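# Coordinate analysis (summary)
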Amino acid sequence: QVHLVESGGGLVQAGDSLKLSCLASGRIVSPLPIGWFRQAPGKEREFVAFISESDGTYYGDSAKGRFTIARDNAKNTVYLQMNSLKPEDTAVYYCAVDRSSSGLVTIIEDYDYWGQGTQVTVSS
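Residues numbered from 1 in each chain as written. Predicted model: local features only at pLDDT ≥ 70, side-chain atom pairs only at ≥ 80, totals over all residues. Heavy atoms only, no water.

### Some thoughts on the side chain of Arg 38
- Summarising the element assignment, Arg 38 is placed in strand 4 (residues 34–39).
- Engagement of the side chain of Arg 38 in a polar contact is seen with the side chain of Ser 62, the distance being 3.4 Å.
- Sequence-distant contacts of Arg 38, that is, excluding residues within four places in its chain, are made with Glu 44, Arg 45, Glu 46, Val 48, Ser 62, Phe 67, Glu 88, Asp 89, Ala 91, Val 92 and Tyr 93. (Helix = DSSP H or I, 4+ residues; strand = E, 2+ residues; numbered from the N terminus. Polar contact = N/O pair within 3.5 Å; in protein donor to acceptor, adjacent residues only side chain to side chain. Contact = heavy atoms within 4.5 Å.)

Given below as structure tokens:
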């Protein structure tokens, strides 16, 4: 069993930066493939970024060029550095473990062990 906890959200202004953390605990024997998703009010949860066990990364269109995903294995933590934030980035951000070997890292149904989420609010 794996338990994920997100943190680092908050209220910022457009153009500011935030760094989200996803701390993993439980039965972790190797780096986990972790995805970040977000869900705005009234909208479906959408893919943001992914990091593989070997630190390969992949980004959704909304994150490319502004967000960076990285991990610290010693701390069992995956980070999402978000720069140049926009009001449309306002959402609850979640991390989860990719349980599929399909390589299709954007598929929500392939993920498990979702955290409780952290709120990011960007004012204009």
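### Notes on the side chain of Thr 77
- With respect to the helices and strands, the residue Thr 77 is situated in strand 8 (residues 77–82).
- By relative accessible area, Thr 77 is classed as buried at 8%.
- At a separation of 2.8 Å, a polar atom in the side chain of Thr 77 contacts the main-chain carbonyl oxygen of Lys 75.
- What Thr 77 contacts, discounting residues up to four positions off in sequence, is Ser 21, Cys 22, Leu 23, Ala 70, Arg 71 and Asp 72. (Buried < 20%, exposed > 50% of the residue type's maximum accessible area, 1.4 Å probe, protein only.)

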